[in-house]
Amino acid sequence: MSDQRLYLVTPPAFEPAAFASLLAEALEAGPVECVELRLASGDEAGWRTAIEALRPVAQDRNAAFLLTDRAALAAETGCDGVALLSPQSYAEARRLVGPQAIVGAWAGTSRHDAMTAGERGADFVGFAADAELIDWWADLFEIPCVAYGGITPETGPAFGKADFLALDDAVWGNSAGPAEGVRAFL
């Protein structure tokens, strides 16, 4: 495709042991830089079970393992960092995970939130899949950006200036399996 790197976002619900095998398949299909655990459940025990099953799979394959919005849990469980849904929580997240961990922020379609995240020191800024917004960011800022939201192999080239493509359904919902989902982007 281009110089874009792949960033996998987990489904909101899954059985951790079975999903660990699918994650391994996806990661072994091609270079993936990052995996973000993004569960819909607020159940901490469920998060811990998923982390225990998935973190080693990702890290053993040289992919950073991030949690959505759970900085304290990320630090406690040996994750590589956190992806925040709000840049306003950056300072607390950075304090919790430490200076070496990854702290990124999702900005949706808000230029203001993206700039706020960048000013606070975010390691990356994530945007809803909006090519104009991503081009604007890439032309003005050095902080890496991630495009997210319904990206497919066909639509991925429209986000050519994004440093990362965050993929979910295109990988996990691929009828030939997640490995083929990843390969479709390579």
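Here, the structure is the one placed above.
Residues numbered from 1 in each chain as written. Predicted model: local features only at pLDDT ≥ 70, side-chain atom pairs only at ≥ 80, totals over all residues. Heavy atoms only, no water.

(A) Spotlight on the pattern of salt bridges. Going through the model one piece at a time under the given rule, you end up with eight salt bridges. Among the salt bridges present, the one from Glu44 reaches Arg48, with a minimum N-O distance of 2.9 Å. With a gap of four residues between them, Glu44 and Arg48 both fall in helix α2 (residues 44-59), about one helical turn apart. Assessed through its relative accessible area of 38%, Glu44 is described here as partly exposed. A residue is classified by how much of its surface remains accessible, and Arg48, at 30% relative accessible area, is partly exposed. (Salt bridge = Lys/Arg side-chain N within 4 Å of Asp/Glu carboxyl O. Helix = DSSP H or I, 4+ residues; strand = E, 2+ residues; numbered from the N terminus. Buried < 20%, exposed > 50% of the residue type's maximum accessible area, 1.4 Å probe, protein only.)

(B) Summary view of the environment of Ala166. Relative to the assigned elements, Ala166 resides in strand β8 (residues 164-167). Given the relative accessible area of 1%, Ala166 is considered buried. With 11 residues separating them in the primary sequence, Ala166 and Thr155 have C-alpha atoms 12 Å apart. Sequence-distant contacts of Ala166, that is, excluding residues within four places in its chain, are made with Tyr7, Val9, Trp106, Val146, Ala147, Tyr148, Gly149 and Ile151. (Contact = heavy atoms within 4.5 Å.)

(C) Structural context of the pairing of strand β6 (residues 124-128). By the criterion of burial, β6 is predominantly enclosed, with four of the five residues buried. Once you follow strand β5 (residues 102-108) into helix α5 (residues 111-120) and on to β6, the crossover reads as right-handed. As judged from the four bridges shared by β6 and strand β7 (residues 145-148), these two strands associate in the parallel manner. By the bridge assignment, Val125 is partnered in β7 with Cys145. Tracing the backbone out of β6, into helix α6 (residues 131-140) and back to the parallel element β7 gives a crossover that is right-handed. (Right-handed = clockwise from strand over helix to strand, strands pointing away. Pairing = 2+ DSSP bridges.)

(D) Up close: the nonpolar core. One finds Leu8, Leu23, Leu27, Leu37, Phe65, Leu67 and Phe127 to be the most contacted residues of the largest nonpolar core, which totals 57 residues. With sequence-adjacent residues up to four places away left out, Phe65 is seen in contact with Val35, Leu37, Ile51, Leu54, Arg55, Ala58, Gln59, Cys79, Asp80 and Gly81. In this structure, Leu66, Ala83, Trp106 and Ala166 belong to the second largest nonpolar core, which totals 12 residues. (Core = buried A, V, L, I, M, F, W, Y, C linked by side-chain atoms within 4.5 Å.)

(E) The arrangement of the sheet that holds strand β3 (residues 64-68) in detail. Spatial strand order, β1-β2-β3-β4-β5-β6-β7-β8: eight strands in a closed barrel with parallel pairing. Direction aside, the axes of adjacent strands within the sheet are offset by 25° on average. Bridging between β3 and strand β4 (residues 81-84) involves three bridges; their strand directions are parallel. The partner of Thr68 across the bridge, within β4, is Ala83. (Axes fitted to C-alpha atoms, helices over the stretch in contact; angles between N-to-C directions.)

(F) Summary view of the side chain of Arg38. Inspection of the secondary structure puts Arg38 in the loop between β2 (32-37) and α2. Within the structure, the side chain of Arg38 is placed 3.2 Å from the side chain of Glu36, a separation counted as a polar contact. (Polar contact = N/O pair within 3.5 Å; in protein donor to acceptor, adjacent residues only side chain to side chain.)

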